[in-house]
Amino acid sequence: MRMIYADNAATTAVSAHVLQEMLPYYSEQYGNPSSLYAFGQTAHRAITKARGQVAAALGTTEREIYFTSGGSEADNWAIKGAAALGKAKGKTHIITTTIEHHAVLHTLDALKKEGFTVTYLPVYENGICRVEDVAAAITDETCLVTIMYANNEIGTIQPIGEIGALCRQKGVLFHTDAVQAVGHIPVDVQKDQIDLLSLSGHKLHAPKGVGALYCRKGIRLPNLIEGGAQESGRRAGTENVPGIVGLGVAITDAVAAMDENAKKLSVLRDKLLDGALQISHSRVTGDRTHRLPGHCSLCFEGVEGESLLLLLDAKGVCGSSGSACTSGSLDPSHVLLAIGLPHEVAHGSLRLTLSDDTTPEDIDYILSVLPPIIDRLRAMSPLWEHILEAEAQGKKLY
Ligand SMILES: *Cc1c(COP(=O)(O)O)cnc(C)c1O
């Protein structure tokens, strides 16, 4: 049976080119980048090259790039670091949105226990926050605004350039979790006036366990890990050389192919969304157009997301859902609730995220297996029966 991987917002395959460039650094070129002999310096040069590649992809200089173990680490470092800088000046207010990744939200929870206050901005039905709301929330106490570039669950893209300009004008640090954006849509830290930015390798065809933090020069973020002099002494530990090399190659490839991929993916995305919307009682979650090129997110009434995933899996399709079972709690995902979906509808969520490997035939196949699966689940659903009964009496439940 064919396997269609449509969960690229969860992770991506390491591309053949990336793997090929990484392999020598596991075997022949295994020197420690901190060693002075030429063998170590080869590894050191590879890191410097990758740092330049990441910097170029973001429109900045290599001195402002710090390698980390991934997106979560970069988010933690940026937010805790900016909070510490704020606290030193007596500023303990942070602004964010209700739809951030847990790496951001849980970091903010930890800071609240230390006395910080957090304002959570709404994102409305379209899943996009408003610059006016950011402006209205900034006070003399505000030390940080942290708003994601693009959302992992509903694919919506935030007005980052406008928020960056506002924060710069108000003298407030601005961090963005750009894990879903970098390599997929244009990101330029100068143009967008971003102070701190997190990215992750495994969302753009580099391996898991490597990422980076962009920290604008002049911002004295506290060290993350004490030890050796790696990453300018700010994040000690012998570097993940193959992973860093992979990140540099992957980000360069992604930026070079971005326009072409985005064009191709948005066509496939729209075909999948339009096809899925033919199913009755379905809706797109998040804005239809201000979304990532390969990102489809939908809800089907009278369906339970986890069962939907299992039946799709049985047909060889890998997707994900923000329903309660998959979110690991009793409630559906905070993102689906934040855009105003009733619990019952959020339970029927499906996310299919495409990559440059996705073909039109893959979309046809998904659209051929999806409707019968939805029919089958609805035939067993008391909720669906309830929805139909209410409609027979002229009432629309959701
Ligand atoms: C995947 C993801 C992260 C976490 O990145 P890791 O490298 O897995 O730690 C953070 N933020 C967003 C938006 C993500 O999609």
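Report follows, based on the coordinates.

Cut-off values and rules
Residues numbered from 1 in each chain as written. Predicted model: local features only at pLDDT ≥ 70, side-chain atom pairs only at ≥ 80, totals over all residues. Heavy atoms only, no water. Buried < 20%, exposed > 50% of the residue type's maximum accessible area, 1.4 Å probe, protein only. Helix = DSSP H or I, 4+ residues; strand = E, 2+ residues; numbered from the N terminus. Arc of directions from axis to C-beta. Contact = heavy atoms within 4.5 Å. Polar contact = N/O pair within 3.5 Å; in protein donor to acceptor, adjacent residues only side chain to side chain. Patch = residues over 30% accessible without salt bridge, like charges linked within 9 Å, V, L, I, M, F, W, Y side chains within 5 Å. Areas by Shrake-Rupley, 256 points an atom, 1.4 Å probe, with all protein chains shown as cover. Salt bridge = Lys/Arg side-chain N within 4 Å of Asp/Glu carboxyl O. Phe/Tyr/Trp six-rings, centres within 6.5 Å; stacked < 30°, edge-to-face > 60°. Lys NZ or Arg CZ within 6 Å of the ring centre and 35° of its normal. Near = heavy atom within 4 Å. Nonpolar A, V, L, I, M, F, W, Y, C, P; charged D, E, K, R; others polar. Pairing = 2+ DSSP bridges. Axes fitted to C-alpha atoms, helices over the stretch in contact; angles between N-to-C directions.

Every buried residue of helix α14 (residues 382-392) is accounted for by W384, I387 and A390. Projected down its long axis, α14 shows its buried positions confined to an angular sector of 125 degrees, all on one face. What points out from α14, more than 90 degrees from its buried face, is the exposed set P382, E385 and A392. The secondary structure elements touched by the buried residues of α14 are α13 (360-379). Capping the start of α14, S381 holds a side-chain oxygen 3.2 Å from the backbone nitrogen of L383, two or three residues further along.

A contiguous nonpolar surface patch, about 370 Å² in accessible area, is contributed by V14, L19, L23 and Y26. Tracing the backbone shows V14 in the loop between β1 (4-5) and α1 (16-22). Residue classification places V14 among the partly exposed positions, given a relative accessible area of 34%.

This brings us to the packing of aromatic side chains. Under the criterion given, the structure shown has 2 aromatic pairs. Ring centres 4.9 Å apart and planes at 85 degrees place the aromatic pair Y30 and F39 in the edge-to-face group. Judged by its relative accessible area of 58%, Y30 is exposed. Across the ring face of Y365, the terminal group of R2 is positioned such that the distance to the ring centre comes to 4.8 Å. Geometry around Y124 places R130 over its ring, the cationic atom sitting 3.5 Å from the centre.

Right, let's get into the site of the ligand. Near the ligand, the surroundings consist of 13 residues, among which S72, D177, Q180, S200 and K203 are the closest. Measuring from an oxygen atom of the ligand, one finds a side-chain N or O atom of K203 at 2.7 Å. Calculation on the ligand without its partners gives an accessible area of 380 Å², and the protein chains cover 87% of this total. For the shell around the ligand, the class distribution of residues is 2 nonpolar, 8 polar and 3 charged.

In this section: the sheet that holds strand β8 (residues 211-215). Sheet architecture is open: 7 strands sit in the order β2-β8-β7-β6-β5-β3-β4, paired in mixed fashion. In the strand order of this sheet, the two ends are held by β2 (65-68) and β4 (117-121), each with one partner. For this sheet, the mean inter-axis angle between neighbouring strands, taken without regard to orientation, is 20 degrees. Sheet topology places strand β6 (residues 173-177) next to strand β7 (residues 196-200); 3 bridges connect them, and they run parallel. Of the residues in β7, the one forming a bridge with T176 is L197. Each of β5 (142-146) and β6 touches helix α6 (residues 160-170); the most contacted strand, β6, lies at about 160 degrees to it.

Next up on the list: the sheet that holds strand β10 (residues 295-300). The strand order across the open sheet built from 3 strands is β9-β10-β12, with neighbouring strands paired in antiparallel fashion. The two strands at the open ends of the sheet, each matched to only one other strand, are β9 (282-284) and β12 (349-353). Neighbour to neighbour, the strand axes of the sheet diverge by 25 degrees on average, direction disregarded. Here β9 runs beside β10; their pairing, made up of 3 bridges, is antiparallel. Bridging from a neighbouring strand, S282 pairs with F300 of β10.

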